[in-house]
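Chain by chain, the residues:
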Amino acid sequence: MPTSAPAPCHGPCNTAWRRAEHRRTATGTDHDIPVTWGTPIHCADCVDRTGDYLADLPHLLDLVALEALDGQRGVPSASTHGAPTDTTPWPGQAARLLIDHIAGGLAETAATVRALHHHRDQPLRRPGIREAEWIRESVNTLFHAVDWLLQEHPLATESHEPLRRAHSVVHSGNPAAQVAHWHTAATRFTRRDRAPETKRLAPCARCGGPWLTECRDLHLIGDEPYIECQNPECQTLYRPDEYRRHVKDLVATTRLKHREDSR
Ligand SMILES: [Zn+2]
Ligand SMILES: [Zn+2]
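Residues numbered from 1 in each chain as written. Chains lettered and ligands numbered in written order. Predicted model: local features only at pLDDT ≥ 70, side-chain atom pairs only at ≥ 80, totals over all residues.

Colleague: Give a detailed account of the sheet that holds strand β4 (residues 227-229), specifying residues and quantitative values.
Modeller: One open sheet accounts for 3 strands, arranged β3-β4-β5; its pairing is antiparallel. Either end of the sheet is taken by a strand with one partner, and the two such strands are β3 (212-214) and β5 (237-238). Where β3 and β4 come together, 3 bridges link them in antiparallel fashion. Pairing of Thr213 across the sheet is with Glu228, part of β4. (Pairing = 2+ DSSP bridges. Helix = DSSP H or I, 4+ residues; strand = E, 2+ residues; numbered from the N terminus.)

Structure follows, in C-alpha cells:
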C-alpha cells in the first residue's frame, strides 16, 4: 500500500502537543497530551474553523470599512503625544491599511486556487469591480475550496508559527494560518475600543500609529510578552525591554516639548 503514515495535524489543535513534544526532545520530560492526526494534512476541525473564519471576514471587513469612512479611528495619539514620526497618519489610515492588506491577501490566495485547483486564469481584481464585491468573490472562492486549501495547497504543510526575523514578524504562508491571522487582525480592530480591559500602549516608534498590541504568538521573556505593531506595513516587534525604553524616551520627549511650549 503506497499510502503514507498519517501525520499530526499542522493546525492550532496541536499547539499544546507540539510544545510538549519540543520539551520532551529538549529535556526528556514525558507528557500525555494526545495528538490530533491530519486527514491527511489538517484535521476536520481545523478545516471547519478556517471555513468559519472565512465566512466571518466579509462582515468584519465591512465594519472596518465603516471606520475608514468615518475616519475617527486613525486619529492617533501619536500626533498629540509628539511621537517622533515623519509619516503623520491621516484619519482612517489604520482601517484602510488593514483592508488593503486583507483584501489583497484574499485575492492572491483566491488566484492561487483558481490557477492550481480550477486551472482557470483570471485577473487578481476584475476591472470595475467594487471593493466589497471583490472581497466577497475572493472569500467565496476560498470558502468553496477550503478542503483543497488545507490539504493540497503547496504551502499547506508549512508551520503555522510566525517567524521572528530581526525586527519584524514574518507570518506563515500556510493558507490556514493566513486566514486565522486575517480574522484575528480584523476582530481585534473592530473590538478595540469596546475592550476597556486592553492595556493602552504607546504609539509605534517606527510608523507612529496606535497599533501596538501585546503579542501572544511568540514566547514570553520571563512573564512579559513581546509588543507587536499590527500595522501590516510596519510589523515592528519590540522585546519587553525595548518597549520600555521606547516609552521612557517618549515620556522624556513629551516633557521636553511641554517645557518648551510653556516657555
Ligand atoms: Zn487540527
Ligand atoms: Zn508600527
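Now that the structure has been shown, the text picks up again.
Colleague: Please set out the nonpolar core residue by residue, giving values where relevant.
Modeller: In terms of nonpolar packing, the biggest core is built from 49 residues, with Val64, Leu98, Ile99, Ile102, Leu142, Leu150 and Ala186 touching the most fellow members. At the level of elements, α2 (44-70), α4 (93-117), α5 (131-144), α6 (146-151), α7 (175-191), β4 and β5 are the ones that each hand at least two residues to this core. Among the elements that line this core, the one with the most residues is α4, at 10 residues. With residues near it in sequence (within four places) discarded, Leu150 still touches Ile41, His42, Cys46, Val47, Thr50, Ala156, Pro175 and Ala176. (Core = buried A, V, L, I, M, F, W, Y, C linked by C-beta atoms within 7 Å. Buried ≥ 20, exposed ≤ 12 C-beta atoms within 10 Å, placed from the backbone. Contact = placed C-beta atoms within 7 Å.)

Colleague: If you had to explain the packing of α4 against α5 to someone new, which residues and values would you point to?
Modeller: Look at α4 against α5: their axes get within 9 Å of each other, and the N-to-C directions meet at 45 degrees. Classified by the angle their axes make, α4 and α5 are oblique. The way α4 lies across α5 gives a crossing that is left-handed. Contact residues: Ala103, Leu106, Ala107, Thr109, Ala110, Val113 and Arg114 in α4; Glu131, Trp134, Ile135, Ser138, Val139, Thr141 and Leu142 in α5. Residues of the contact of α4 with α5, tallied by class, amount to 9 nonpolar, 3 polar and 2 charged. (Axes fitted to C-alpha atoms, helices over the stretch in contact; angles between N-to-C directions. Parallel < 35°, antiparallel > 145°, perpendicular 65-115°, else oblique. Left-handed = near helix turned anticlockwise from the far one by under 90°. Nonpolar A, V, L, I, M, F, W, Y, C, P; charged D, E, K, R; others polar.)

Colleague: With reference to specific residues and values, describe α5.
Modeller: Along an α-helix, residues three or four positions apart point the same way, because every turn accommodates 3.6 residues. Across its 14 residues, α5 extends 20 Å between first and last C-alpha, which sits within 8% of the 20 Å expected from 1.5 Å per residue. Listed in full, the buried residues belonging to α5 are Ile135, Ser138, Val139, Thr141 and Leu142. Buried residues in α5, looked at end-on, bunch into an arc of 160 degrees, giving them a common side. (Expected span 1.5 Å × (residues − 1). Arc of directions from axis to C-beta.)

Colleague: Break down the confidence of the model for the protein chain for me, with residues and values.
Modeller: For the protein chain, mean pLDDT is 83; residues scoring 70 or higher make up 82% of the total. Ranking the helices and strands of the protein chain by mean pLDDT puts α6 first, with 98, and helix α3 (residues 77-80) last, with 42. (pLDDT = per-residue confidence, 0-100.)

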